[in-house]
Every structure is written in C-alpha cells, then in structure tokens.
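# Structural description and commentary
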Amino acid sequence: FEVYILDMECRDVKVCGDRNVHGKTMEEIEKLASQWEPTPQYFLQLDTTSLFGSTATAASGGPSGDINEVEMENEPPPLPPDDEEHPLPP
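Small disclaimer: the values here were computed from a predicted structure and weren't measured. (Residues numbered from 1 in each chain as written. Predicted model: local features only at pLDDT ≥ 70, side-chain atom pairs only at ≥ 80, totals over all residues. Heavy atoms only, no water.)

### Brief notes about the confidence of the model for the protein chain
- Averaged over every residue, the pLDDT of the protein chain is 75; residues scoring 70 or more account for 63%.
- Here helix α3 (residues 49-52) stands out as the element of the protein chain with the lowest mean pLDDT, 74, in contrast to helix α2 (residues 26-35), whose mean of 93 is the highest. (pLDDT = per-residue confidence, 0-100. Helix = DSSP H or I, 4+ residues; strand = E, 2+ residues; numbered from the N terminus.)

Structure (structure tokens):
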C-alpha cells in the first residue's frame, strides 16, 4: 500500500476556529497550530485544488471563504422525533 498526505492549506487560527466542528476551544486550536510541522517533501502529497477549487485558499486572499453544504445521494432519511407514539424498535 501507499500512503498519501492531504495537508491543510488554511493555517489561519481564526478561520480554523470558525470552521471548527469538533468542539475544540480557540486555545486548543492555537496550541495545535503552534505545534504544526510541515509535511516533508519526500511524502506523497495530494493536490486538492481540483477538488476544492479556490475555496481552500480563500482564507489567504482567495475569492470566497464560504463552505457550502452538499446533499449526499446515499444519505439516510432523518429519524422521526423521539416520542411515545412512534417508539423506535429496540
């Protein structure tokens, strides 16, 4: 097997904090950023510009920093509300 590296293009702590979906505090994100090491050049790295276009670099001066949510074709339907009339099977 071969390992490929997908490195973060945006290293702006404020932008990372705004995009944070993992519940990390700004202090934790700042600590991670301060300890970040660049990927060595001899590692196989993926070029994501064809996947993300200019949005991946927007925080560093590109045209748009907006991230759009995408509907997935195989996404399961939402679960019904949790109520006593329609209990879910065990």
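### Overview of the pattern of salt bridges
- For the coordinates displayed, the defined rule picks out one salt bridge.
- The residue K14 makes a salt bridge to D18 at a minimum N-O spacing of 3.2 Å. Of the two residues, K14 and D18 both sit in helix α1 (residues 13-19), four residues apart, roughly one turn of that helix.
- Looking at D18, the relative accessible area reads 58%, which means it is exposed. (Salt bridge = Lys/Arg side-chain N within 4 Å of Asp/Glu carboxyl O. Buried < 20%, exposed > 50% of the residue type's maximum accessible area, 1.4 Å probe, protein only.)

### As for the environment of W36
- As for its position among the elements, W36 is in the loop between α2 and α3.
- Here the alpha-carbon distance between W36 and R11, two residues 25 residues apart in the chain, equals 9.2 Å.
- When neighbours within four sequence positions are excluded, W36 is seen to be in contact with D7, M8 and R11. (Contact = heavy atoms within 4.5 Å.)

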